[in-house]
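# Observations on the model geometry
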Amino acid sequence: MSDVLDTWMACVYPEAAAICAPTAADLAALFALALGASVLLLAARRVTIALGTLRALSLTPALSRRLARWVRPRSYSDEQFFQADGAGLDAVASRRRGLERLADSLREQYPASRAWGTAIREGFSDLRFTDANRVPFPFARVMRERFDLCSVVTASDGPYLQTLDGHATLDVGGSYGVNVAGFGRYKDWMARGLERVRDLGPVLGPLHPVTAENIALLRRLSGLDEVSFHMSGTEAVMAAVRLARFNTGRKLIVSFSGAYHGWWDGVQPGLGSERPLDDCLTLKDLHPASLDVIRRRAGEIAAVLINPVQSFHPNAPPPSDAVLLTSGVRRTEEGTERYAAWLRRLRAVCREASVPLVFDEVYTGFRLAPGGAQEYFGVSADMVVYGKTVAGGMPIGVVCGTKALMRRFDPERPMRIAYVIGTFSGHPVVMGAMNEFLRWVVAPSTAGLYEEMNERCAHWVQATNRRLAGAALPIRVVHLGTVWTVLFTEPGRYNWLLQYYLRAEGVSMSWVGTGRCLSNMDFTEKDYEALQTKLRSAAHAMNADGWWPRAAEHPGRERRMRMQLVREVVGSLVRVPRPVHTFYTEVMRRKKDDHHASHSDLTNQLFHIVSSSVFLGCYALAFWDLTTAMWAGLAALFLRQIGHAVLEPPCHDKEATLLGFNTRNKTLVLGVYLAIPVVHLLLAPAWTVAALGPLVATVAQQWFVWTLLVVGGRVAYLMWAQNAWLAMVWLVKLVTDPLTDIAAYSPRYLRRS
């Protein structure tokens, strides 16, 4: 290679022209050198980008998708259901009574709705899906056996819904976001919209004249050039993504962790979609590294898709109560201004990098303000997706965008098109109802109605939180405009149960429960007061039934709950062979029976804590100092037997069923232990330190032999009288008793004392 370089250097000097005649080998070497350098530079660039992306990447969606393929079903038994957080027997009894009382109350209130739901459930997959996602899956079996919820309504009046059973329930489901202005207005808009187009009927293809006014109003509200109509918010998101990819020539879509952009798998990176997803990059929200990734990878990114309600974060993870395994799962981002500043930085970065910014306002559009999140946060987008309320109560999806992004054909390549179309996109009835809504929303007086609506909700949240704090209830309410969610201030495994207590109080919610609730312009001060009363009553009832033990009264409980969750997840991923699981279950069953049979006295439990701690130390000590281990172990054994023989009530009959020694036999065994040093004392030539000192080790060795004879003899006897499997059950139980005794008695003794 040095010869090649010398030849090349010589070529730059005229006097060296004579020797500047590279050979084919020289040229090949130079080409290989340049190619290698290019590859190294390209690899270095890719590594740098990958490392920068990794810092900003949200790993939760990908991890949850992988876990979904491995986690196996798990249903708590009745006993596990009530003790999932490690509660004591007193709390379990209270919870059992409370759950049965709650189930009876809902059955009595809604018999017709339950019967109606039962009749259609087998043929209506949507209902079965929502039923399966109301609660965390380990609790689902017990809840399904006791509760059979189905919301069947026949009329609306202000914020109230009339159920099939004749009850008026206060609606905070908000029709998944449709109901901003109050049901009464939507009923009027739908009726007037139908009246305007009734002479046309369901004519599709040709457009009704009202469509032109709708387009003009949407352009005015969005501040964008063109409009496209679709049948749902999900479909509109699909259209926006396809148009962005088509017009930028790039494929990568950037979204942010916790966002929900409809059920289309192309932008659903987490649970719910199983298609391999290599064209959607999910980054961390409110993280500066995410902005760096957008700058560095601008040449790959077709669009940045953001859901502005993420400033509220009831959807991180998605807001269903089914994800409320602990109180830390649900959180919110405080401060609208902080999120507005983040959106402004994101807007600036996208503009600088020539990457389109798409606002998914299917949920926020026309809820936060007449101009949606763009107006509320003061940030404009290159494309905006609307849905829910914009059609005045009818189903719709709308995409508004710049002329450059809305183009569906390539004038330079006539066969290249973005096929985005929908048969029902301009349905006359939908266009009629939409026109009624849009004319209302742009009216000068409407802005005042929004301001009043948001202020009423804000005052209610403040007053409600004061009352909740004053009553020492472990919940708070957080809101963004009229979108609100319930946060839980104490660790708990049962927070998802609040939705059932609220239903019993006459509150109607969507299937996501307390994860995302909505108010609207129909809510008066009186309605908010009623809602506060119902929320507090539900929380009081849930608290009284023992579902929220205070963390201060049970130190370490949250850590234990999280460890339990980890064990459950690992247990779902790693399948224990059935024989091993059966063996373990039998050992633990006999331990439990043993505890109930002869360990009810509190002082005896304390003796077991002390003796078990000594035994565990002796297990390790015996390997290098058998003498000390045996003497310490025998002292602990004496303490343990005093607890059985003196402190416990007679329980020999129960002990006889547990395979092991009963109290009488244990006393005899212990008598032999005591007889061994007594015999040595009697045979000793003198009772002096010099004479008795060597006996200490001898006695310890004989105790060890006696221990092997007792344990081995019992195993042999059980193998002869029962079978080898039960003999091993007894042996494993005996060896592990010190560990499980400490776990069983320490918290109980300290709590009762």
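Quick caveat: nothing in here was measured; it's all calculated off a predicted structure. (Residues numbered from 1 in each chain as written. Predicted model: local features only at pLDDT ≥ 70, side-chain atom pairs only at ≥ 80, totals over all residues. Heavy atoms only, no water.)

## So, the overall build of the chain
On a plain count of helices and strands, the chain comes out with 27 helices and 16 strands. Considering the chain as a whole, with its 753 residues, one finds that 47% of them fall into the buried category. Put simply, of all contacts in the chain between residues at least 6 apart along the chain, 76% involve residues at least 24 apart. (Helix = DSSP H or I, 4+ residues; strand = E, 2+ residues; numbered from the N terminus. Buried < 20%, exposed > 50% of the residue type's maximum accessible area, 1.4 Å probe, protein only. Contact = heavy atoms within 4.5 Å.)

## Here's the deal with the confidence of the model for the chain
Mean pLDDT for the chain: 83, with 86% of residues reaching 70 or above. Looking across the chain, the model is least confident in helix H24 (residues 652–656), with a mean pLDDT of 48, and most confident in helix H19 (residues 525–544), with 97. Considering only residues more than four positions removed or in separate chains, one finds that residues 325–330, a stretch of pLDDT under 50, has 28 contacts. In the model, residues 748–753 has pLDDT below 50 throughout and makes nine contacts with residues more than four positions away in sequence or in other chains. (pLDDT = per-residue confidence, 0-100.)

## Quick notes on the nonpolar core
Leu-218, Val-304 and Val-398 are the most contacted members of the largest nonpolar core, which has 67 residues in total. Ranked by residue count, the leading element in this core is helix H16 (residues 428–441), at nine residues. Sequence-distant contacts of Leu-218, that is, excluding residues within four places in its chain, are made with Val-227, Phe-229, Tyr-386, Val-390, Val-398, Cys-400, Met-434 and Leu-438. With 49 residues, the next largest nonpolar core counts Leu-102, Val-135, Ala-140 and Cys-517 among its residues. (Core = buried A, V, L, I, M, F, W, Y, C linked by side-chain atoms within 4.5 Å.)

## Some details on helix H9 (residues 183–197)
The periodicity of an α-helix, 3.6 residues per turn, causes residues three or four places apart in sequence to face the same way. In this model, H9 (15 residues) spans 21 Å end to end at C-alpha, consistent with the 21 Å of a helix rising 1.5 Å per residue. Burial in H9 covers these residues: Phe-183, Tyr-186, Trp-189, Gly-193 and Val-197. The buried side chains of H9 occupy one side of the element, clustering within an arc of 120° when seen end-on. Tucked into the core, H9 has its buried residues touching strand S1 (153–157), strand S2 (160–163), strand S3 (168–171) and H16. (Expected span 1.5 Å × (residues − 1). Arc of directions from axis to C-beta.)

## Quick look at the pairing of S3
With three bridges connecting them, S2 and S3 associate as antiparallel partners. For Gln-162, the partnering residue across the bridge sits in S3 and is Ala-168. In sequence, S2 turns back onto S3 through a hairpin of four residues, with Gly-166 there showing a positive phi of about 90°. Both S3 and strand S15 (residues 507–508) contribute to a ladder of two bridges, which runs parallel. Directly across from Asp-171, in S15, lies its bridge partner Ser-508. (Pairing = 2+ DSSP bridges.)

## Quick look at the packing of H9 against H16
Contact geometry of H9 with H16 gives a least axis separation of 7 Å together with a crossing angle of 125°. The orientation of H9 relative to H16 falls into the category oblique. Where H9 crosses over H16, the two elements pack in a sense that is right-handed. Across from Arg-185, Trp-189, Met-190, Arg-192, Gly-193, Leu-194, Arg-196 and Val-197 in H9, the residues of H16 making contact are Pro-428, Val-429, Gly-432, Ala-433, Asn-435, Glu-436, Phe-437, Arg-439 and Trp-440. Looking at the contact of H9 with H16 residue by residue, the classes come out as nine nonpolar, three polar and five charged. (Axes fitted to C-alpha atoms, helices over the stretch in contact; angles between N-to-C directions. Parallel < 35°, antiparallel > 145°, perpendicular 65-115°, else oblique. Left-handed = near helix turned anticlockwise from the far one by under 90°. Nonpolar A, V, L, I, M, F, W, Y, C, P; charged D, E, K, R; others polar.)

## A short note on the pattern of salt bridges
Under the criterion given, the structure shown has 21 salt bridges. Salt-bridge contacts for Arg-141 lead to Asp-78; the nearest nitrogen and oxygen are separated by 3.1 Å. Residue Arg-141 is found in helix H8 (residues 140–146), and its partner Asp-78 is found in helix H4 (residues 78–82); the two are separated by 63 residues along the sequence. One continuous salt-bridge network, built from bridges that share partners, spans Asp-78, Glu-100, Arg-141, Glu-145 and Arg-146. (Salt bridge = Lys/Arg side-chain N within 4 Å of Asp/Glu carboxyl O.)

## With respect to the environment of Asp-737
Within the fold, Asp-737 resides in helix H27 (residues 724–752). Judged by its relative accessible area of 9%, Asp-737 is buried. In sequence terms Asp-737 and Phe-615 are 122 residues apart; their C-alpha atoms lie 9.6 Å from each other. In contact with Asp-737, not counting residues within four places along its chain, are Lys-591, Asp-594, Ser-612 and Arg-640.

## Points about the sheet that holds strand S8 (residues 357–361)
Strands in a sheet are paired, the pairing made by backbone hydrogen bonds, and the direction either parallel or antiparallel. In space, the seven strands of this open sheet follow the order S4-S10-S9-S8-S7-S5-S6, with mixed pairing throughout. Edge strands, defined here as strands with exactly one partner in the open sheet, are strand S4 (226–230) and strand S6 (280–283). Each strand of the sheet is rotated relative to its neighbour by a mean of 20°, with strand direction disregarded. Both strand S5 (residues 252–256) and strand S7 (residues 301–306) contribute to a ladder of three bridges, which runs parallel. Within the sheet, the bridge partner assigned to Ile-253 lies in S7 and is Ala-303. Against the sheet, helix H11 (residues 233–248) touches S4, S5, S7, S8, strand S9 (383–387) and strand S10 (397–401), its axis set at about 165° to S9.

## Here we look at the side chain of Gln-532
Relative to the helices and strands, Gln-532 is located in helix H19. When neighbours within four sequence positions are excluded, Gln-532 is seen to be in contact with Trp-460, Ala-463, Thr-464 and Arg-467.

## Quick notes on the side chain of Asn-307
Residue placement: Asn-307 occurs in the loop between S7 and helix H13 (336–353). What makes Asn-307 buried here is its relative accessible area of 5%. A distance of 3.4 Å separates the side chain of Asn-307 from the backbone oxygen of Tyr-260, its partner in a polar contact. (Polar contact = N/O pair within 3.5 Å; in protein donor to acceptor, adjacent residues only side chain to side chain.)

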